[in-house]
Structures are given as C-alpha cells and as structure tokens.
Amino acid sequence: MTFVCRWNQRYIGHTLRKAPCSWSHWLRPVARACSAGSIKLQAANPLPALRHESILSTVGKTPVVKINRLAPEGVNVYVKCEAFNPMGSVKDRLALGIIEWAEHHGQIKPGQTVVEASSGNTGIGLAMVCAAKGYPFVCVMAESFSIERRKLMRFLGAKVVLTNPAHKGSGMVIKSKELAEKHGWFPANQFTNEANAWIHSQTTGPEILEAMQGVKLDYFVTAYGTGGTLKGVGQVLRERSPETKIHVCEPDNAPLLYSNTATEYGTDGSFKEPHPLWRPHLLQGWATDFIPKIVDDAVQAKFVDEVVHVGGHKAMATARLLSQQEGIFTGTSGGGILACALELASKVPQGTNIVAMLPDTGERYLSTPLFADIPADMTPEEKEIAESTPSQAPPGISLPEVTQEAKDFVSKMNSEHKCVIWSLEYCEFCWTVFKFLDAINVPYHVVNVDAFKYAKDNQGNKYRAALASMTDCNTFPQVFFDGEFFGGAADACIKFKKGELQPILDKAGLNNENFGGYSGDPFEFLPKWMSQNPLRSK
Ligand SMILES: Cc1ncc(COP(=O)(O)O)c(C=O)c1O
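## With respect to the overall build of the protein
The number of helices and strands found in the protein is 19 helices and 16 strands. Computed over its C-alpha atoms, the radius of gyration of the protein comes to 31 Å, more than 25% above the 24 Å expected for a compact globule of 538 residues. The C-alpha extent of the protein, read off along each of the three principal axes, is 85 × 75 × 50 Å. Relative to its 538 residues, the protein shows a buried fraction of 40%. The contacts of the protein with a sequence gap of at least 6 include a subset with a gap of at least 24, amounting to 70%.

This is the structure we're talking about:
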C-alpha cells in the first residue's frame with residue numbers, strides 16, 4: 001500500500017507532494033526533520049553574521065567568555081579570547097595598528113618592506129596585514145621559537161630570518177634594526193612604537209568595558225610582552241573604570257618588574273642593557289630579556305596595581321584544564337594568566353568580577369612543551385575502546401568485467417617501460433615507492449588509475465580489474481620491473497633491505513651508479529603515521 005504524505009507538506013514542498021511513499025520509507029525521516037527544525041538552539045552566537053570587505057576588519061571584537069567550571073562558586077572569572085582574531089592572537093591588533101598608523105602619518109611608502117623582531121605572534125599578524133595590504137614582510141626570530149610560527153609566516157608570504165637563541169630577544173631587535181637601516185625597510189618597532197598602546201586603547205580596552213557593561217569590573221589580569229596591551233587597556237580602565245585593579249603576570253623565574261631593577265632607555269625608547277634577572281622561561285610572548293619602554297610607561301603611569309608570578313608548568317596545566325573543562329583553547333601564556341586570575345579568584349569576596357586576557361590560540365604550540373604529553377599513538381584506554389567492536393572493513397568497490405582492451409593497455413604499459421608503478425594519485429604508499437626509487441636512482445613510469453583522465457566510462461576501474469586479474473592483488477601501488485609483477489611499497493623496502501630487490505634491478509638494467517650510492521633505510525620513506533614503521537619516531 002502507498003500513501004501520499006499530506007502531513008506537513010507545505011514545509012517540504014514539491015517533491016513530497018508529488019511523491020507517493022510508504023509510511024516506513026518517507027514519513028519517519030520527514031517527522032524527524034520537522035521536529036529538528038523547530039528546536040531552538042540554547043547556545044549559538046547571537047550576533048548578526050557580518051560581511052567584510054577585507055580580512056582586516058575582522059581584527060578585534062573578540063569575545064569575553066565566562067569560566068563556568070574552573071572558577072570558585074560565586075566569583076565571576078571571564079576570559080577575553082584573542083584567539084578569535086583572524087590569525088589567532090592579540091598581536092593581530094598591534095599589526096593592524098602599526099601599519100595603519102604608519103600609513104596615516106606618512107611613515108611607510110606603498111610597497112615598502114616591513115621588518116620586525118618577533119617571537120611569532122606579531123610576525124604572524126604582520127604577515128597577514130602586509131599580505132592584505134601588499135607590503136613585503138621580513139620577520140626576525142630566534143631559532144628557538146616554535147617551528148609552526150615560522151611556517152605560518154612563510155605560508156603568508158613573509159620571509160623569516162632566524163637568529164641565534166643565545167642572542168635572546170635583544171639580539172632579534174638588534175638584527176631587525178640592522179636590516180631596516182641597511183635596506184631602507186620600515187621597522188615596525190613594536191617595543192617602542194606608540195601605535196602599539198594606541199591600538200589597545202582604541203580597541204581592546206573599550207571592548208572589555210563594553211562586554212562588561214552593567215557589572216563592576218573589579219580586576220583585569222594580563223601579562224606583558226611589549227606592554228602594548230597593558231598600557232593601552234590600562235589607560236582606558238584608569239579613565240573609564242578607575243576602580244578596576246590591574247594585575248600583571250610575570251614568569252616566576254624571570255621576575256623583571258618585581259625585582260625593581262630600573263632599565264635605562266635611549267631617546268628613541270630603546271633599552272640600553274638587557275635585564276640581569278631574565279632567565280629562559282616557558283611563557284612564549286611574555287617578558288623578553290629587557291623591560292620595554294611601553295611597560296615602563298605603564299608602571300610610571302601607575303597602571304600596575306600588583307605584579308603576580310606563575311611558573312611554566314602551572315601555566316601549561318591550566319591551559320590544558322581550560323581546554324578540557326571549559327572547551328576554551330589557548331596557549332601557555334593564556335594558561336599562565338588564567339592561573340593567576342584563578343589564584344586571585346580564590347581570595348576575593350563572592351560577586352567579584354575578573355577579566356583575564358587569553359592572548360592566543362593553543363594551536364601555535366603543537367611542537368612545544370605544552371603538547372609534549374599529548375600522545376600521537378592510541379593510549380591503552382583508547383586501544384580498549386578500539387578493540388571493543390570488530391572494526392569491520394567497509395565494502396570494497398566492485399570492479400567491472402575484465403575487458404581485453406584493458407588487459408592490452410596494462411600489458412602495453414608494462415612492456416614499454418622497464419619500471420611501471422600502477423598507483424593511486426593520493427596514496428602515501430605509492431609516494432613511498434616514488435621517493436624510494438628516486439633515492440636509489442631508478443627511473444619509473446607512473447599510471448594513476450584514479451586519474452581524472454581515466455574517469456570517463458569507468459576506464460580507470462577497468463584497468464584496475466585487468467591488473468587484479470593479472471597480479472591477484474587489489475592494493476596499490478603495484479610495481480612491475482621488466483614486465484614482471486614485483487609487489488608494493490613494503491615489498492620494495494623489505495626486499496631492498498634483504499638484498500633481494502637489487503638483483504632484479506640489475507637484471508632489468510635499472511642499477512644506475514650502484515643504486516645512486518644510497519645507504520639509508522628505505523623504511524624512512526614509509527608514512528610516519530604507520531604504527532608498524534620502526535623508524536617512525538626518528
Ligand atoms: C602570547 C602573547 N602574546 C601577546 C601578549 C601581550 O603582549 P603585549 O604586551 O605585547 O601587548 C602576551 C602577553 O600577555 C602573550 O603572552
């Protein structure tokens with residue numbers, strides 16, 4: 001029996017009105033769809049969706065989010081999530097501020113190269129702003145900062161000049177100055193540029209007050225790198241929310257402000273000598289080895305009510321807790337600031353409101369100690385979950401009938417070339433063979449059976465069927481030497497190690513210069529994610 005579904009047909013329109021259907025086939029999914037449509041989301045961004053004319057107008061207006069599970073009952077701890085900026089950090093603001101300020105004041109010429117010393121976030125922000133505005137950008141960075149930062153900048157079209165980590169942050173600043181002077185580049189000078197604090201007084205500070213409208217902001221907790229956030233937000237808070245106390249975090253092993261050792265500055269705001277108390281610390285983005293003039297300005301202006309300290313391990317543990325218990329992802333420095341904010345929250349009266357800065361995203365720290373304990377392999381618990389069901393393989397594709405034409409094609413390729421690799425375009429095992437044969441100097445011919453050119457009329461699968469009928473093998477790559485089927489990627493690696501591949505190549509006339517002088521372990525070409533690969537951790 002069939003029914004025409006009239007129920008709710010105005011929602012689903014034309015198709016259903018015309019389609020006869022059985023209850024079981026049609027009505028249940030329709031009913032589900034209708035009730036799902038009427039659900040009101042409890043939590044979704046309430047703001048209107050905006051259309052932007054350029055990426056640059058997406059900088060700022062980052063959300064202030066309440067901590068619901070980590071804060072003590074009755075104390076309101078909020079975090080300002082700077083990871084929401086387009087390149088994932090508070091420094092996107094600085095980058096935009098510096099370039100727009102320079103343009104406004106005629107300090108930069110169209111197309112002029114911008115140069116800056118940065119441990120990463122400023123460089124990434126500048127790389128983004130310069131890409132959008134058409135300025136070449138060179139970032140100077142100590143080799144010790146995370147690899148992903150360099151790669152991000154290069155991806156954005158910037159050049160990255162690495163400096164000796166022993167020369168510390170001050171060495172980066174010196175190198176950047178040298179380059180600017182030698183090549184006539186525009187120095188962004190984040191440590192002395194007045195646009196730095198200015199942009200935070202125009203954006204970050206007012207945003208915090210706007211977000212906290214209607215409640216008294218008791219504490220603002222931040223750290224300092226250049227001091228732009230501290231000075232710019234400090235100015236706004238002192239003017240518009242004078243009762244807000246400002247707490248400033250430092251690494252516990254580099255307590256520069258706490259030490260009360262004054263830094264001397266030149267007329268251009270540059271420091272004369274590095275700070276004697278600075279030690280390497282885990283809080284990338286905080287305290288470099290001198291107190292920047294902008295930080296000193298904030299101290300002199302009495303924007304700092306208290307200096308607080310936290311260690312790198314506590315910072316990392318707090319960043320991880322924040323991720324796992326609140327779903328908020330930040331880097332080590334955000335963990336450090338939040339740790340200080342939570343410490344404060346444990347001592348203040350109920351009803352206190354605290355805003356803590358989270359300067360950047362945790363994704364910037366994948367290769368740093370923050371992720372050192374995060375395993376890549378399955379843990380015993382995950383293995384137990386994996387083993388709790390059979391892991392049934394999905395059905396394979398069914399191959400078409402073997403045709404003579406396809407068999408002829410396969411035979412022709414195998415006879416025309418001394419080495420043929422039948423492969424799939426995006427198969428890492430196929431790439432293993434390519435890389436290995438390149439290393440041992442063996443030329444080869446590749447036929448990608450899943451290439452677009454073989455898609456018409458299922459041609460590629462016809463070749464696959466013909467191959468399978470000849471080799472009795474369904475996986476890829478399938479390697480042929482001198483018309484003979486040899487095997488796949490693992491076969492090539494294992495047999496070379498055992499010395500069994502070499503005579504086959506000799507016989508086929510494919511030994512060039514003693515296998516290109518290769519003396520490595522071919523397992524190095526297998527995918528690194530393969531848990532059976534003994535070279536994987538190397
Ligand atoms: C990763 C990171 N970026 C930026 C900042 C803020 O830097 P600045 O003082 O230069 O505004 C900090 C410190 O709070 C930080 O930890």
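## A word on the site of the ligand
Near the ligand lie 21 residues; those nearest to it are Ala223, Gly225, Thr226, Gly285 and Ser333. For the shell around the ligand, the elements supplying multiple residues, two or more each, are strand 9 (219-223) and helix 9 (228-240). A per-element tally of the shell around the ligand places helix 9 first, with 3 residues. Across the shell around the ligand, the residue classes break down as 7 nonpolar, 12 polar and 2 charged.

## A word on the packing of helix 11 (residues 312-326) against helix 12 (residues 332-345)
Where helix 11 meets helix 12, the closest approach of the two axes is 7 Å, and the angle between their N-to-C directions is 95°. In terms of orientation, helix 11 and helix 12 fall into the roughly perpendicular class. In this structure, helix 11 uses Gly312, Lys314, Ala315, Met316, Thr318, Ala319 and Leu322 to contact helix 12, whose residues at the interface are Thr332, Ser333, Gly334, Gly335, Gly336, Leu338 and Ala339. Split by residue class, the contact of helix 11 with helix 12 holds 6 nonpolar, 7 polar and 1 charged.

## Focus: the sheet that holds strand 10 (residues 245-251)
Strand pairing in a sheet takes place through backbone hydrogen bonds and is either antiparallel or parallel in direction. Ordered in space as 3-4-12-9-10-11, the 6 strands form an open sheet in which the pairing is mixed. Only two strands of the sheet have a single neighbouring strand rather than two, namely strand 3 (64-66) and strand 11 (306-310). Across the sheet, the mean angle from the axis of one strand to that of its neighbour is 30°, orientation sign disregarded. The sheet contact formed by strand 9 and strand 12 (residues 353-358) spans 3 bridges and is parallel. Bridge pairing links Phe220 to Val355 in strand 12. Packing of helix 9 onto the sheet brings it into contact with strand 9, strand 10 and strand 12, and relative to strand 9 it is tilted by some 165°.

## Concerning the nonpolar core
By size, the foremost hydrophobic cluster in this structure holds 98 residues, and its most contacted members are Ala127, Val221, Ile337, Ala341, Ile354 and Ala356. Ranked by residue count, the leading element in this core is helix 12, at 8 residues. Split by domain, this core shows at least three residues from each of two domains, domain 2 (60-85 + 202-371) and domain 3 (91-195). Residues Cys419, Val433, Ala466 and Phe523 belong to the second largest nonpolar core, which totals 33 residues.

## Some thoughts on the pairing of strand 5 (residues 114-117)
Going residue by residue along strand 5, you find Val114 and Glu116 tucked away on one face and Val115 and Ala117 tucked away on the opposite face as well. Where strand 5 lies against strand 6 (residues 137-142), 4 bridges are found, and the strand directions are parallel. When the sheet's bridge partners are listed, Val114 is paired in strand 6 with Phe137. Each parallel crossover has a hand, and for strand 5 linked through helix 4 (residues 121-133) to strand 6 it is right-handed. Looking at chain direction, strand 5 and strand 8 (residues 186-187) are connected through 2 bridges and run parallel. Within the sheet, the bridge partner assigned to Val114 lies in strand 8 and is Phe186.

## A few points about the sheet that holds strand 5
What the 4 strands build is an open sheet, ordered 7-6-5-8; its pairing is parallel. Among the strands making up the open sheet, the edge pair consists of strand 7 (159-163) and strand 8. When strand 6 meets strand 7, the two strands line up parallel, connected through 5 bridges. The residue bridging Val140 from the neighbouring strand is Val161, located in strand 7. Each of strand 5, strand 6, strand 7 and strand 8 is contacted by helix 6 (residues 168-183), which is oriented at about 165° to strand 5, the strand it contacts most.

## Concerning the environment of Val355
As for its placement among the helices and strands, Val355 is situated in strand 12. Note: C-alpha distance between Val355 and Glu387 (32 residues apart in sequence) is 45 Å. Discounting chain neighbours no more than four positions away, the residues touching Val355 are Val64, Tyr78, Lys80, Ile208, Met212, Leu217 and Phe220.

## Let's talk about the packing of helix 8 (residues 204-211) against helix 9
Two numbers describe how helix 8 lies on helix 9: the axes approach to 8 Å, and their chain directions differ by 50°. With respect to helix 9, the element helix 8 is oriented oblique. As for the relative orientation of helix 8 and helix 9, their crossing is right-handed in sense. Here Thr204, Gly205, Pro206, Ile208 and Leu209 of helix 8 come into contact with helix 9, specifically with Thr229, Gly232, Val233, Gln235, Val236, Leu237 and Arg240. Along the lines of polarity and charge, the residues of the contact of helix 8 with helix 9 split into 6 nonpolar, 5 polar and 1 charged.

## Overview of the confidence of the model for the protein
Residues shown with low pLDDT carry predicted positions that ought not to be read at fine detail. Per-residue pLDDT for the protein averages 90, and the proportion of residues at 70 or more is 92%. Confidence over residues 1-27 falls short of pLDDT 50; this stretch has 19 contacts with residues more than four positions distant or in other chains.

## So, unusual backbone geometry
Of all residues except glycine, most have a negative phi; of all peptide bonds, most are trans. Look at the link from Phe476 to Pro477: it is a cis peptide, with omega at 5°. Counting through the fold element by element, Pro477 comes out in the loop between helix 16 (459-471) and strand 15 (478-481). A positive phi angle, close to 45°, is found at Asn189, a residue other than glycine. Even without being a glycine, Ser391 presents a positive backbone phi close to 55°. With respect to the secondary-structure elements, Ser391 resides in the loop between helix 13 (380-387) and helix 14 (404-416).

## Notes on the domain arrangement of the protein
Bring the parts together and some accessible area is lost; that lost area is often taken as the interface size. Domains assigned within the protein are domain 1 (3-33), domain 2 (60-85 + 202-371), domain 3 (91-195) and domain 4 (404-525). Relative placement of domain 2 and domain 3: their C-alpha centres are 23 Å apart. Listed per partner, the contact involves 24 residues of domain 2 and 17 residues of domain 3. Looking at the side of domain 2 that touches domain 3 residue by residue, the class counts come to 6 nonpolar, 13 polar and 5 charged.

Definitions and limits used
- Residues numbered from 1 in each chain as written.
- Predicted model: local features only at pLDDT ≥ 70, side-chain atom pairs only at ≥ 80, totals over all residues.
- Helix = DSSP H or I, 4+ residues; strand = E, 2+ residues; numbered from the N terminus.
- Rg over C-alpha atoms; globule rule 2.2 N^0.38 Å.
- Buried ≥ 20, exposed ≤ 12 C-beta atoms within 10 Å, placed from the backbone.
- Contact = placed C-beta atoms within 7 Å.
- Near = placed C-beta within 6 Å.
- Nonpolar A, V, L, I, M, F, W, Y, C, P; charged D, E, K, R; others polar.
- Axes fitted to C-alpha atoms, helices over the stretch in contact; angles between N-to-C directions.
- Parallel < 35°, antiparallel > 145°, perpendicular 65-115°, else oblique.
- Pairing = 2+ DSSP bridges.
- Core = buried A, V, L, I, M, F, W, Y, C linked by C-beta atoms within 7 Å.
- Domains from an automatic or database assignment.
- Right-handed = clockwise from strand over helix to strand, strands pointing away.
- Left-handed = near helix turned anticlockwise from the far one by under 90°.
- pLDDT = per-residue confidence, 0-100.

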